[in-house]
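Below, each chain spelled out in residue letters.
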Amino acid sequence: MLRGFYTAASGMLSQQRAQEALSNNIANANTPGYKADQPTLRAFPEMLMQQMGGKTIPTSRGLNLPVQDPIGSMNTGVYVQENVPNYKQGAIRETGIGTDLALVNGQLPDETGSLFFTVQNEAGEQRFTRNGNFTVDGEGFLTTNQGYYVLDQAGNPIQTNGMEFDVTENGTLQVNGQTIPLGIAYTPNANDLAKEGNGLFNGEAGAVPDGATFNVQQGALERSNVNALQSMTRMMETYRSFEMNQKVLKAYDQSMGKAVSEIGRLG
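Residues numbered from 1 in each chain as written. Predicted model: local features only at pLDDT ≥ 70, side-chain atom pairs only at ≥ 80, totals over all residues. Heavy atoms only, no water.

### Considerations on the overall build of the protein chain
Now for step 1: When its secondary structure is counted, the protein chain shows two helices and 19 strands.
Now for step 2: For the protein chain, with 267 residues in total, the buried portion stands at 33%.
Now for step 3: Sequence separation of 24 or more characterises 67% of the internal contacts of the protein chain that already satisfy a separation of 6 or more.
Now for step 4: Surface exposure of the protein chain reaches about 15,700 Å², of which carbon and sulfur atoms provide 49%. (Helix = DSSP H or I, 4+ residues; strand = E, 2+ residues; numbered from the N terminus. Buried < 20%, exposed > 50% of the residue type's maximum accessible area, 1.4 Å probe, protein only. Contact = heavy atoms within 4.5 Å. Areas by Shrake-Rupley, 256 points an atom, 1.4 Å probe, with all protein chains shown as cover.)

Here's what the structure looks like:
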């Protein structure tokens with residue numbers, strides 16, 4: 001009986017966490033470069049149930065051992081194993097703002113690979129992002145909206161000295177007669193990266209390999225790849241699943257209440 005409590009409760013908790021991930025996706029549906037999280041559920045280890053019968057079998061030592069008849073497996077609950085980002089390319093939206101940059105994947109050598117802008121967080125550490133909604137700070141450096149420096153190919157902050165600059169399709173920034181290649185990083189398996197918030201990813205990424213193609217569109221942004229309609233449908237499904245587990249938990253509670261208050265009085 002108590003095992004039923006734990007199974008129903010684990011179902012409620014897993015659906016609640018899935019609902020939180022889906023709600024976060026919808027909240028970021030208009031965030032440039034946002035990659036939707038996909039919650040994955042996993043069952044706890046199953047137990048093999050066997051019935052202890054009255055039958056016995058003889059052994060060479062003259063002992064009679066009970067025969068265990070298999071009943072089947074029993075699941076002990078479910079949990080959210082992890083939230084896996086979907087790195088599918090988002091749609092491109094024209095903005096006409098010169099500091100907005102959209103990174104468009106072309107032909108990549110790995111099916112799970114992806115390209116990113118390289119930035120520097122407040123701790124001076126290198127991070128990666130698909131959000132090209134950049135601006136220029138008071139010192140003339142190209143930064144993200146959170147103030148993180150956008151880095152060039154050599155890992156240095158990019159000095160533009162103003163909002164007027166051009167970016168070629170191959171990712172080269174042209175300003176004041178200088179050409180500065182943007183720090184475009186590539187990872188063969190984007191699933192190895194971890195989300196850190198503010199559109200940043202942490203992990204290992206290197207130079208763009210030979211054979212990989214891409215282009216950078218100035219005055220455009222990559223939209224979020226969140227499918228709002230699909231996310232709303234999944235939210236309704238998780239809510240219904242939460243309600244069903246809640247009803248099961250309530251039924252167990254009522255059964256336990258009867259066992260304590262009614263059956264206990266028979267003695």
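### So, the confidence of the model for the protein chain
When pLDDT is low, close inspection of the predicted coordinates is not appropriate.
Now for step 1: Residues with a pLDDT of 70 or more make up 85% of the protein chain, whose mean pLDDT is 86.
Now for step 2: When pLDDT is averaged over each helix and strand of the protein chain, the minimum, 54, is found for strand S2 (residues 47-58) and the maximum, 97, for strand S11 (residues 149-150). (pLDDT = per-residue confidence, 0-100.)

### Focus on the sheet that holds strand S12 (residues 166-167)
Now for step 1: As summarised here, the arrangement of the three strands in space is S12-S13-S14, forming an open sheet in which the pairing is antiparallel. The open sheet terminates on both sides in strands that have one partner only, identified here as S12 and strand S14 (178-181).
Now for step 2: As paired strands, strand S13 (residues 172-175) and S14 are joined by four bridges and run antiparallel to one another. Looking at S14, one finds that valine 175 is bridged to glutamine 178. (Pairing = 2+ DSSP bridges.)

### Details of the packing of aromatic side chains
Now for step 1: Across all of its chains, the model carries six aromatic pairs by this definition.
Now for step 2: A connected cluster of aromatic rings, assembled from ring pairs, spans Tyr87, Phe116, Phe128 and Phe201. (Phe/Tyr/Trp six-rings, centres within 6.5 Å; stacked < 30°, edge-to-face > 60°.)

### Comments concerning the side chain of threonine 160
Now for step 1: Mapped onto the fold, threonine 160 is located in the loop between S11 and S12.
Now for step 2: Polar side-chain contacts of threonine 160 include one of 2.8 Å to the backbone oxygen of glycine 162.
Now for step 3: Every residue in contact with threonine 160, bar those within four places of it in the chain, is listed here: Val136, Gly140, Leu142, Phe165, Leu173, Val175 and Asn176. (Polar contact = N/O pair within 3.5 Å; in protein donor to acceptor, adjacent residues only side chain to side chain.)

### Observations regarding the environment of asparagine 25
Now for step 1: With respect to the element layout, asparagine 25 can be found in helix H1 (residues 2-27).
Now for step 2: Sequence separation between asparagine 25 and valine 226 is 201 residues, and the spatial gap between their C-alpha atoms is 6.4 Å.
Now for step 3: Here asparagine 25 is in contact with Tyr34, Ala36, Asp37, Val226 and Ser231, once residues within four sequence places are set aside.

### Section: helix H2 (residues 228-261)
Now for step 1: In a regular helix each residue adds 1.5 Å, so 34 residues correspond to 50 Å; H2 covers 49 Å between its end C-alpha atoms and thus fits that length.
Now for step 2: If you check which residues of H2 are buried, you get Ser231, Met235, Thr238 and Asn245.
Now for step 3: A side-chain oxygen of the first residue of H2 lies 3.3 Å from the backbone nitrogen of leucine 229; this N-cap is asparagine 227. (Expected span 1.5 Å × (residues − 1).)

### Points about the nonpolar core
Now for step 1: Counting 23 residues, the largest nonpolar core has Leu142, Leu173 and Leu182 as its most contacted members.
Now for step 2: Among the elements that take part in this core, strand S7 (residues 114-120) stands out by supplying three residues, more than any other.
Now for step 3: When near neighbours in sequence (up to four residues on either side) are disregarded, leucine 173 contacts Leu142, Ile158, Thr160, Phe165, Asp166, Val167, Gln178, Thr179 and Ile180.
Now for step 4: Within the second largest apolar cluster, seven residues are counted, among which are Tyr87, Phe116, Phe128 and Ala190. (Core = buried A, V, L, I, M, F, W, Y, C linked by side-chain atoms within 4.5 Å.)

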